[in-house]
Amino acid sequence: MANKQFDVVVIGAGPGGYIAAIRAAQLGFSAACIESESYADPKGDVRLGGTCLNVGCIPSKALLRSSELFHETNHAFVMHGITAENVRMDVGTMVRRKDNIVTQLTSGIKGLFKKNKVTLLAGHGSFAGREDDMWQLAVTGKDGSSEIVDTRHVIIATGSSPRHLNGIPVDNKVICDNVGALSLDAVPKRLGVIGAGVIGLELGSVWQRLGSEVTILEALPDFLAAADPAVAKEAWKTFTQKQGLNIHLGANITNVKQGKKGITIDYEMGDGVFKLECDKLIVSVGRVPNTAGLACDNVGLKLDDRGRVEVNSHCQTNLENVWAVGDVIRGPMLAHKGMEEGVMVAELIAGQAGHVNYDAIPWVIYTNPEIAWVGKTETQLKNEGCDYKIGQIPFLANGRALGQGDTTGFVKVLACAQTDTILGVHILGVNASELIAEAVVAMEFGAVAEDIARICHAHPSLSETMHEAALAVDKRPLHF
Ligand code: FAD
Ligand code: NAD
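**Let's talk about the packing of helix H3 (residues 57–75) against helix H4 (residues 91–116)**
At step 1: Interaxial distance between H3 and H4 falls to 9 Å at its minimum, and their mutual angle equals 145°. As H3 packs across H4, the resulting crossing turns out to be right-handed. Here Ile58, Pro59, Ala62, Leu63 and Ser66 of H3 lie close against H4, whose contacting residues are Met94, Arg97, Lys98, Ile101, Val102 and Leu105.
At step 2: Among the residues making up the contact of H3 with H4, the classes are represented as eight nonpolar, one polar and two charged.

What follows is the structure in structure tokens.
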């Protein structure tokens, strides 16, 4: 029987891959997507949506919301005159709610594939060879069955997996990476976290709000080194002093032992030697690209020095008509970055002018308060010798924030001293994830701070703080 033939085959159905497949199909190509993982599907069926939908962005945000509500009921209701007694958390219900959201969204992608006529090929995808101008990909099922499909274009979107540390065996029951940390069946009394990055802070704060005593051990001496220093400083104060998260910086872990009574972690910090005892441990020390099973050597696909698929600014690899997007290539490991790349590649294949503006990709850390930014930090501008102006306004001066009962944080706008062009916007505060969108639009349109200052913002709204920060760049805020 002849091999199935496609114009475009995507390997991996995470946000980078499923979006690339859908966009390719929209553009008139015959498109297929290969996915191997069933995650925790009860029937063992392949699940679409990748890390993001199954064990990443979506489930973590569902748990964040539940834990915030629990915390607010216990701590914030009282200022509104609401008394709540005997407030209890049923972790099973919380986790089931999260699982239902995941099921709803992952099956939604199957629906989108049907609607857009994307063929789903269930199995593990790898390079099998090249004949004339067609690539051959092997699709190997869990039962060992295998088929070869032919395609003109290949888009590698195999994503990433959690990095584990030598001597710290992850079983996702007691010692967890993101997968186990999203499905704990009870609130651990003492929770240890290795790595104060995005996952450590988000998931550490979920379990802390539910009652765990959380201690995070971070190797680097600086907290949130990628964020703007003013944001990192204020976030540090809020998380450690106000919220009681224990974060130890500059911690060098020397030994991890698992016994009947829990886990003991030995670590050095400065000149001291310390011991942390905990009941559960989350290891969140970054992620590694998934390239191992692709049979890259079969076809000479080039990887970079960090094991990622090497691509140019248009996500083209060293092989003709082979592209790569998302976590498996350079750049931040963010779902929306992968999706943008998926769209760009499909449009480039169609001969259109696909493009990703890597300078305007927003970052959000879903702690409480949230942290969001786009563009350059003050540290980056200083290092580049760039002359800049700052407008920074606290939410304390915002009526809506006061009414809502949370005035933590600020909006900080960085603009070019000569041209007033917005170079970066940094937000710490409630709803920072939504507020940052205005800054992204402004930067995409090459706006100057005065543009935002001259735009009417609804009153009362948190967005007025963005308005005031833009006015503050010109030293003329009206409410501060
Ligand atoms: P993935 O989502 O990893 O998908 C790749 C898919 O390819 C997987 O399903 C995998 O099974 C499949 N695959 C791999 N190899 C093969 C093969 N050979 N054959 C067939 N299939 C294969 N990002 C955000 O932007 N916002 C967030 O709030 C956020 N929260 C996160 C929270 C957590 C706990 C984690 C772990 C990550 C979070 N991320 C977040 C990051 C985000 O999940 C990733 O950046 C995103 O999923 C990457 O998309 P991708 O398509 O490149 O890869
Ligand atoms: P990360 O890179 O954000 O943080 C890892 C942290 O672990 C770093 O601070 C690092 O210095 C530290 N570390 C590394 N080795 C260590 C060691 N041996 N001991 C102690 N600390 C150590 O990685 P992550 O938190 O695992 O998240 C992975 C990726 O997932 C992130 O890069 C991010 O792009 C993505 N993600 C995004 C979001 C979001 O957008 N809201 C949420 C979660 C995850």
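**Thoughts on the pattern of salt bridges**
Proximity of charged atoms lets side chains of opposite charge pair with each other.
At step 1: Applying the stated criterion to the full structure yields 22 salt bridges.
At step 2: In this structure, the salt-bridge partner of Arg190 is Asp279, at a minimum N-O distance of 2.7 Å. Of this pair, Arg190 sits in strand S9 (residues 190–194) while Asp279 sits in the loop between strand S14 (272–278) and strand S15 (280–283); the two residues are 89 residues apart in sequence, bridging distant segments of the chain.
At step 3: By relative accessible area, Asp279 is classed as partly exposed at 24%.
At step 4: Between Lys389 and Asp420 there is a salt bridge whose closest N-O contact spans 3.0 Å.

**A look at the layout of surface pockets**
To locate leftover empty space, one rolls a probe as large as a water molecule over the atoms.
At step 1: What the second largest pocket holds in volume is close to 980 Å³.
At step 2: Around the second largest pocket, the lining comprises 29 residues; the ones closest to its centre are Glu68, Glu72, Asn368, Asp406 and Val430.
At step 3: Only H3, helix H6 (198–209), helix H7 (229–242) and helix H12 (432–444) provide two or more residues apiece to the lining of the second largest pocket.
At step 4: In terms of residue count, the dominant contributor to the lining of the second largest pocket is H3 (seven residues).
At step 5: Within the lining of the second largest pocket, the residues separate by chemical class into seven nonpolar, 13 polar and nine charged.

**A short note on the nonpolar core**
At step 1: Of all hydrophobic cores here, the largest spans 57 residues; its most connected members are Phe113, Phe127, Ile155, Ile156 and Leu301.
At step 2: At seven residues, helix H1 (residues 15–26) tops the list of elements feeding residues into this core.
At step 3: Counting 36 residues, the second largest nonpolar core, distinct from the first, contains Val55, Leu191, Leu210 and Ile247.

Definitions and cut-offs
Residues numbered from 1 in each chain as written. Chains lettered and ligands numbered in written order. Predicted model: local features only at pLDDT ≥ 70, side-chain atom pairs only at ≥ 80, totals over all residues. Heavy atoms only, no water. Axes fitted to C-alpha atoms, helices over the stretch in contact; angles between N-to-C directions. Helix = DSSP H or I, 4+ residues; strand = E, 2+ residues; numbered from the N terminus. Left-handed = near helix turned anticlockwise from the far one by under 90°. Contact = heavy atoms within 4.5 Å. Nonpolar A, V, L, I, M, F, W, Y, C, P; charged D, E, K, R; others polar. Salt bridge = Lys/Arg side-chain N within 4 Å of Asp/Glu carboxyl O. Buried < 20%, exposed > 50% of the residue type's maximum accessible area, 1.4 Å probe, protein only. 1 Å grid on protein atoms, 1.4 Å probe; cavity = no way out; pocket = protein on both sides within 12 Å on 5 of 7 lines; lining within 4 Å. Points joined across faces, edges and corners; volume = space filled by probe spheres on them. Core = buried A, V, L, I, M, F, W, Y, C linked by side-chain atoms within 4.5 Å.

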